[in-house]
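# An overview of the molecular structure
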Amino acid sequence: MWSAFKFARRPSLWGTLVVIALAVTACSTRALDQPARPASSTNSALNTPTAYPTVTVGILANTPTIQPMATTTVPTTVVTGTSAPLDVRLEAVPIETGWSRCVEGAFWSEDERLVYYASTHSCGTEPLEWVAYDVTTHLTRTISSPLRYDPNIWRRLGAPHLTDEAAHPELRGYVSPSGKQVIYTITYGSSYDPSGRTEIWMADSNGRRKTRLLGFFVGIIHQATWIENETKVVFDYGSEGGTELYIADVQKRTVVPLSQVSDFKGGTDQKWAVSPDGISLAIIDMGYQLWLVSLKDGKAKAIEKYARNPYWSKDGKSLYYWWGPSFRETGTLRVYNTTFSTVSTLVEQSSLAHVLNLPPLAFSDFMVSSGSDKMLLWGGWLWLVELHK
């Protein structure tokens, strides 16, 4: 699926207000029951603004069938600025900046000539509306969903209506890129009910095979990413206090906590991202430390503290993320080179704030093009930013 659409978590009230005001700167091999709750985060109010999630990587290989309906011209007002200390000239084009619409996520087409994005009215839970934006002509057109998602899946599976907290399951990775496998939750009671509980299920999308994987306290799956040709799925589970990650085997219908098969022992309340080859997991712990965890041998490597929103390049050689000198100051978009283990700056948030004419406070969801010369920024609104070096 798509790990930048890893539509991971709904924002807190603080995060929602920041996004609206600032736009885009803004287990073992057996099933487990009742695992311990993850440790609570002391900074849960600072969770990344929602733009779920997660494009899971595999979705980019699918070529959507575009069904043009309405064509409009997007304003081509271009603003320029320089990203110090780098010699980068920025050009920004607003794609979606209307107060009546809320962009829930975006991703590139395979050739990066188009931007596909999904929106709702005022960040609601109603079905997504999809639009294709042409990077060259700045034209938009309404399209059918480019994801292989059938909303009738839940009826076939006999699953209750998903909660508002788990809205837009196609963006969270609940459905595999091929559309053949599904992971989902069924909740009984509520978080206020001592007897409330949530079950995690895996199923074939045709409903012929369903398996209960885990029993939990009440919570949701924020993200899921299917790897190894959909033979495994990495997913998180938790509530407002943070999440833990798990790896499930699709054929065996078994699940194991990431902490049991890797050196990474913590939880997270941030987005995470799996590399395109399905081998490396970029995850941020509860102390805002960015880690790379091998999904092959379990080895974990600390990269840098005070990071947010990890995002992999298409070739898996670069890992992008927001960084700042403290957890309150995440304002630089950095890139980690996996080949040479080096960190560099792609763009400063202050430069983005200038070119977008917005205050330099909040970080945003983003995607970077394969040539690192374009980026999408969203967090309610959606902008295309070109970086001319």
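Because the structure is predicted, anything quoted here is derived from the model rather than measured. (Residues numbered from 1 in each chain as written. Predicted model: local features only at pLDDT ≥ 70, side-chain atom pairs only at ≥ 80, totals over all residues. Heavy atoms only, no water.)

What follows concerns the environment of Ser-313. Mapping Ser-313 onto the fold places it in the loop between strand E20 (307-312) and strand E21 (318-323). A residue is classified by how much of its surface remains accessible, and Ser-313, at 6% relative accessible area, is buried. Between the C-alpha atom of Ser-313 and that of Ser-372, which follows or precedes it by 59 residues, the distance is 8.7 Å. Residues contacting Ser-313, with those up to four places away along its chain left out, are Pro-276, Ser-318 and Tyr-320. (Helix = DSSP H or I, 4+ residues; strand = E, 2+ residues; numbered from the N terminus. Buried < 20%, exposed > 50% of the residue type's maximum accessible area, 1.4 Å probe, protein only. Contact = heavy atoms within 4.5 Å.)

Any pair of aromatic rings gets described here by the distance separating the centres and the angle formed by the planes. Tallied over the full model, the rule gives 12 aromatic pairs. Between Phe-235 and Tyr-246 the ring centres are 5.6 Å apart and the planes differ by 20°, which places this aromatic pair in the stacked class. With Phe-235 in strand E13 (residues 232-239) and Tyr-246 in strand E14 (residues 242-249), the pair connects residues that are 11 residues apart, well separated along the chain. For the pair shown, Phe-235 and Tyr-246 are each scored as buried. When the centroid spacing of 5.8 Å and the interplanar angle of 75° are considered together, the rings of Trp-322 and Phe-366 count as edge-to-face. One end of the pair, Trp-322, is in strand E21; the other, Phe-366, is in strand E24 (residues 365-368), with 44 residues separating them in the sequence. Note on accessibility: Trp-322 and Phe-366 belong to one class, buried. Through a chain of ring-to-ring contacts, three or more aromatic side chains come together here, namely Phe-216, Phe-217, Phe-235, Tyr-237 and Tyr-246. Seen from the ring of Trp-323, Arg-334 lies directly overhead, with NZ or CZ sitting 3.6 Å from the centre. (Phe/Tyr/Trp six-rings, centres within 6.5 Å; stacked < 30°, edge-to-face > 60°. Lys NZ or Arg CZ within 6 Å of the ring centre and 35° of its normal.)

This part is about the pattern of salt bridges. All chains considered together, the criterion is met by 13 salt bridges. Here Arg-101 makes a salt bridge to Glu-129, at a shortest N to O gap of 3.3 Å. One end of the pair, Arg-101, is in strand E5 (residues 101-108); the other, Glu-129, is in strand E7 (residues 129-134), with 28 residues separating them in the sequence. On the basis of relative accessibility, which here comes to 41%, the residue Glu-129 falls in the partly exposed class. Across the pair Glu-199 and Arg-197 runs a salt bridge whose closest N-O atoms are separated by 3.7 Å. Looking at Arg-197, the relative accessible area reads 35%, which means it is partly exposed. Ionic contacts of the salt-bridge type, sharing partners, join the residues Arg-197, Glu-199 and Arg-212 into one network. (Salt bridge = Lys/Arg side-chain N within 4 Å of Asp/Glu carboxyl O.)

Moving on to the environment of Leu-245. Assignment of secondary structure puts Leu-245 in strand E14. For Leu-245, a relative accessible area of 6% corresponds to the buried category. Linking Leu-245 and Val-256, residues 11 residues apart in sequence, is a C-alpha distance of 8.9 Å. If we ignore the near neighbours within four places in the chain, the residues touching Leu-245 are Val-234, Phe-235, Asp-236, Pro-257, Leu-258, Thr-268, Trp-272, Leu-281 and Ile-283.

Take the sheet that holds strand E18 (residues 289-294) next. Spatial ordering of the open sheet is given by E16-E17-E18-E19, a layout of 4 strands whose pairing is antiparallel. Edge strands, defined here as strands with exactly one partner in the open sheet, are strand E16 (273-274) and strand E19 (300-305). (Pairing = 2+ DSSP bridges.)

The subject of this paragraph is unusual backbone geometry. The backbone of Asn-229 sits at a positive phi, close to 55°, despite the residue not being glycine. Residue position: Asn-229 is located in the loop between strand E12 (224-227) and E13. Even without glycine at this site, Asn-309 takes up a positive phi of about 50°. Tracing the chain through its elements places Asn-309 in strand E20. For Asn-309, a relative accessible area of 3% translates into the label buried.

Moving on to the pairing of E13. Within E13, 6 of the 8 residues are buried, which leaves the element mostly enclosed by the surrounding structure. Hairpin remark: E12 followed by E13, antiparallel, with 4 residues in the connecting loop; positive phi at Glu-228, about 50°. Judged from the 8 bridges that link them, E13 and E14 form a sheet pairing that is antiparallel. If you follow Val-233 over to E14, its bridge partner there is Ala-248. What sits between E13 and E14 in their antiparallel hairpin is a turn of 2 residues.

For Glu-304, the position within the fold is in strand E19. For Glu-304, a relative accessible area of 14% translates into the label buried. Side-chain polar atoms of Glu-304 contact the side chain of Tyr-321, separated by 2.5 Å. Those residues in contact with Glu-304 that lie beyond four places of it in its chain are Tyr-288, Gln-289, Leu-290, Tyr-321, Trp-323, Arg-334 and Val-343. (Polar contact = N/O pair within 3.5 Å; in protein donor to acceptor, adjacent residues only side chain to side chain.)

Purely spatial values, then, with no claim about function.
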